[in-house]
Amino acid sequence: MYKIVQKKSLNPTVTQMMIEAPLVAKKAKPGQFIILRVDADGERIPLTVAGVDTWAGTVKIIFQIVGATTKKLDAKSEGEYISDFVGPLGVPTKTDGIKKVCIVGGGVGCAIALPVAQAFHCLGADVTSIIGFRNKDLLILEDDFNVCSDKLIVMTDDGSYARHGNVTVPLKEMLDAGEKFDMIITIGPLIMMKFVTLTAKPYGVPVTVSMNPIMIDGTGMCGGCRLTLNRDGERITKFACVDGPDFNGYEVDFDEAMSRGRMYGDFERHAYEKTCNLFKKA
Amino acid sequence: MAIQIKKHEMPTQAPEVRAHNFNEVALGYSLEIAVEEAKRCLNCPKKPCVEGCPVNIDIPGFISKIKEGDFEGAYNVITGSSSLPAVCGRVCPQETQCESKCTMGIKFEPVGIGRLERFVADYHNENVKDAPQKPAANGHKVAIVGSGPSGLTCAGDLAKKGYKVTVFEALHTAGGVLVYGIPEFRLPKSIVAKEVDTLKQLGVDIECNVVIGKTLTIDELFDMGYEAVFIGSGAGLPNFMNIPGESFKGVYSANEYLTRSNLMKAYNDSDTPVMKGGRVAVVGGGNVAMDAARTAVRLGADKVYIVYRRSIDELPARAEEVEHAMAEGIEFHLLCNPTEILGYKNENDPRDPKNGFVTGMRCVKMQLGEPDASGRRRPIEIKGSDFTLDVDTVVMAIGTSPNPLIKNTTKGLEVNRRGGIVVNEDGLTSREQVYAGGDAVTGAATVISAMGAGKLAAQSIDKALNA
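Thresholds, definitions, all that
Residues numbered from 1 in each chain as written. Chains lettered and ligands numbered in written order. Predicted model: local features only at pLDDT ≥ 70, side-chain atom pairs only at ≥ 80, totals over all residues. Heavy atoms only, no water. Helix = DSSP H or I, 4+ residues; strand = E, 2+ residues; numbered from the N terminus. Contact = heavy atoms within 4.5 Å. Buried area = accessible area lost by both parts, 1.4 Å probe. Salt bridge = Lys/Arg side-chain N within 4 Å of Asp/Glu carboxyl O. Polar contact = N/O pair within 3.5 Å; in protein donor to acceptor, adjacent residues only side chain to side chain. Nonpolar A, V, L, I, M, F, W, Y, C, P; charged D, E, K, R; others polar. Domains from an automatic or database assignment. Pairing = 2+ DSSP bridges. Axes fitted to C-alpha atoms, helices over the stretch in contact; angles between N-to-C directions.

With respect to unusual backbone geometry
Between Gly-87 of chain A and the following residue, Pro-88 of chain A, the backbone shows a cis peptide bond with an omega angle of -5 degrees. Tracing the backbone through its elements, the reader meets Pro-88 of chain A in strand E8 (residues 84-89). Cis rather than trans, the peptide bond between Gly-244 of chain A and Pro-245 of chain A has omega equal to 10 degrees. When you line up the elements, Pro-245 of chain A lands in the loop between helix H7 (240-243) and strand E17 (246-248). Although it is not a glycine, Asn-242 of chain B adopts a positive phi angle of roughly 60 degrees. Turning to its location among the elements, Asn-242 of chain B is positioned in the loop between strand E4 (228-231) and strand E5 (251-253). Despite not being glycine, Gln-433 of chain B shows a phi value in the positive range, around 60 degrees. Tracing the backbone through its elements, the reader meets Gln-433 of chain B in the loop between helix H17 (405-409) and strand E14 (434-436).

Okay, here's the thing in structure tokens:
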């Protein structure tokens, strides 16, 4: 059992927790993920590590309440326990040789983008962060990004806060203005990562994307997290859990990944409603 | 009394009943049948059956005890050599091991050794509640990676000798392939849990949710004071055919399909989904393919096919599993190989929710040519024999490749061309005091061969540490 030592609501749909897991805290690096189960017979869900406190032996997770499992997790209070928490899984984000980086985060993906931005900041790289949200109410972590970014641009889809528009708008402006990034790292919804990659393409800037497919074990056993890369005219199958979650954006077949992500749409809706009703009765 | 020339039949659930439930298919011998079957053993002096057993159980020894009605005595004989009798009695391929050597089998049917082993283990589990005696500690610490059949065997053998053993398991439940792979109807999870409990009573610690190679490395285990490490981490990454369409929704690896149903209990209305119903094709002809196909039947599929590129004589699955599958209405497309998986695409509406789901599988018929390197006749495509199988779910059960996590984080650990860990005749790897066995070494094989490897490693570790 793993203790929830701290819980904080970042906005109405996004919650942050610190989970006591000393072995994971000792090892986890930005870009890696964990898998948790809330209770016995619960689903195993992957969440990217949003930070660690090595000294306290705790791991920070930030999640959006979107399905039955995240709903159940959100219903847990500080001091309560979840049944399983395993990691760190996946390969950490590569930082070698990158002096100037642009981090593009979208929605709850910003929670994962933050430790990556912090890591580059600590390594002395020049960090530009672009973070986008649907609206003002969903904004998270602006202050944290401010601290570790040399330049921060906040965008909202509806213009209810900061600049109006998609994250690709300021990215294109900067690239047009001749900004030379060694790497663009984008973390967020698949559709956003796809368009960030397309925006960067004409400028020849390398793009790393963080994939978050459906997975079960997370250790290279089930193969559910497979995705296809287009490399040198060949289609290659990779497993996000052991080969990723970071991939070269230019190689990823985003349309296929988006389609696979919707595999259990009906089931999830049903499970979510069932869970909501459960809480209503309680 | 005349010799009973046939094995006593195993009582089973009727096919039309069991196809709708996940309860165990084989029900086990009654006490009376077990004693009668035991009497068929000639107690011949050469004991060829013992040689046929990868863990060398004293088979005539335990069968003699059954004849005498001393079932607990029989249990003690078996557990002298095997840590998981209730498991082996159910999933070992006895027909190619002990029973294939049985003297009775020369003229008649061999003694039902597997069925008797299962009877003894079940009798013990039902009637004996005393915890096993915890052996005196010998002061040595050993770490085991993986709680599948090889790891549990190695752990059990060492614990019985007084070693302090810790088993590290990546998943949330101990048992490895015994819980995520082999379905409930063939090996009830309560049986595995019971065997794991017995090991815990012997003093074995089981740490779930620890991925060796990630959470801790092999080198860190030595830093923590473990004097030897056994790697039994299993097979790993599932193979696909590399044909078009394998990413359509509804295409599973057997590992994923079975894990969703078994470990995550998708059959039991848990939070983990799996595609149920419809028409299912399972590609492959091994025991895993049979498990996946029979699981599909029980999940409510309208029609289930096995698609295998060789003929019925080459099917690698146990004969018993194939018979069960056929009795449950699974249709075999033999000498048949998939060439493409077809998916739905609405050209006019990219948002159509049906887009990307499997609609069928293109296959080509095969014929057998000359024997290949494996000694089996090589299947060759028959030109122009393509046809489409109308299915919504495809399960690929065509083997696995070794998992890279431990190899990538352990300096000096030698692996072969296919990624399997290289070991010598003692089960020792290229690293001092690091042993390995099971699928991590051999690639996908049987539960009992993994147990044999775990047993060998336990003997080698004992020799090395207690010298």
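Topic: the interface of chain B and chain A
Taken residue by residue, the interface counts 43 residues in chain B and 40 residues in chain A. Note on chain B versus chain A: buried area summed over both sides is about 3,600 Å², and carbon and sulfur give 56% of it. Our count for the chain B to chain A interface comes out at 2 salt bridges. The residue Asp-41 of chain A makes a salt bridge to Lys-265 of chain B at a minimum N-O spacing of 3.0 Å. Where chain B meets chain A, there are 21 residue pairs in polar contact (both at pLDDT 80 or more). Listed by contribution, the elements that provide at least two residues to the side of chain B that touches chain A are E5 and helix H14 (254-261) of chain B. Counting residues per element, the side of chain B that touches chain A draws most heavily on H14 of chain B, at 4 residues. Grouping the constituent residues of the side of chain B that touches chain A by class yields 19 nonpolar, 15 polar and 9 charged.

Quick notes on the domain arrangement of chain B
Residues and elements named next belong to chain B. Per the domain assignment, the segments of chain B are domain 1 (15-127), domain 2 (141-236 + 401-465) and domain 3 (240-398). The gap between the C-alpha centroids of domain 1 and domain 2 is 26 Å. At the junction of the two partners, domain 1 supplies 23 residues and domain 2 supplies 22 residues. In terms of surface lost to domain 2, no three residues of domain 1 exceed Ser-83, Leu-84 and Val-91, which account for 30% of the buried area on that side. Counting every contact that joins domain 1 to domain 2 gives 0 salt bridges. At the boundary of domain 1 and domain 2, one finds 7 residue pairs in polar contact (both at pLDDT 80 or more).

Examining the sheet that holds strand E3 (residues 205-207) of chain B
All names here are of chain B. Read from one edge of the open sheet, 5 strands run E3-E2-E1-E4-E14, paired in parallel fashion. Single-partner strands in this sheet number two, and they are E3 and E14. The mean inter-strand angle of the sheet, taken between neighbouring strand axes irrespective of direction, is 20 degrees. As judged from the 4 bridges shared by strand E1 (residues 141-145) and E4, these two strands associate in the parallel manner. Within E4, the position partnered with Val-145 by the bridge is Ile-231. Here helix H10 (residues 149-160) sits on the sheet and contacts E1, strand E2 (164-168), E3 and E4; the angle it forms with E1, its principal contact strand, is near 165 degrees. Those strands touched by helix H19 (residues 447-465) are E1, E4 and E14, and its axis lies near 170 degrees from that of E4.

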